[in-house]
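# Working through the structure, step by step
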Amino acid sequence: YFLEIRWENGIPSIKQQIVRSYPNPVHSLWTVEISESLLPLQLQLFSTDGRSMGQWRITQPKTTLSVRHLQEGMYFYRLQKSTTILEQGKFVKQ
């Protein structure tokens, strides 16, 4: 797990994250970091109109994927273990 610390009105707020993805926006390579205890997972990528843009089996805590083939725009991802969705998010491809 990862900890995200944000400052709100001078007070720290700590949030536990199971996934970190970067950079955002992304140009060619997108990295996903996942707690090793959650592996293996399925990563699915979708366009804004819901079309599947790819699916990968994630078996390492740090995985870098090429997104060079994607057109510029926003994309959504979903990380799933069996039938349980663990995380959903989005990134912008430039």
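Above this text sits the structure in question.
Scope of this entry: the structure provided in the associated data block. (Residues numbered from 1 in each chain as written. Predicted model: local features only at pLDDT ≥ 70, side-chain atom pairs only at ≥ 80, totals over all residues. Heavy atoms only, no water.)

## Quick look at the environment of Leu43
Summarising the element assignment, Leu43 is placed in strand 5 (residues 41-47). Sequence separation between Leu43 and Tyr77 is 34 residues; the distance between their C-alpha atoms is 6.8 Å. In contact with Leu43, not counting residues within four places along its chain, are Trp30, Val32, Gly54, Gln55, Trp56, Ile58, Leu65, Tyr77, Arg78 and Leu79. (Helix = DSSP H or I, 4+ residues; strand = E, 2+ residues; numbered from the N terminus. Contact = heavy atoms within 4.5 Å.)

## Observations regarding the sheet that holds strand 7 (residues 62-66)
Taken together, the 3 strands give an open sheet; going across it, the order is 3-4-7, and neighbouring strands pair in antiparallel fashion. Two strands lie at the open edges of the sheet, namely strand 3 (19-22) and strand 7, each paired on one side alone. Within the sheet, the average angular offset between the axes of one strand and its neighbour, ignoring direction, is 20°. (Pairing = 2+ DSSP bridges. Axes fitted to C-alpha atoms, helices over the stretch in contact; angles between N-to-C directions.)

## Quick notes on the environment of Asn24
With respect to the element layout, Asn24 can be found in the loop between strand 3 and strand 4 (29-34). The spacing of Asn24 and Gln94 is 70 residues in sequence and 9.2 Å in space, taken between C-alpha atoms. A distance of 3.0 Å separates the side chain of Asn24 from the backbone nitrogen of Val92, its partner in a polar contact. (Polar contact = N/O pair within 3.5 Å; in protein donor to acceptor, adjacent residues only side chain to side chain.)

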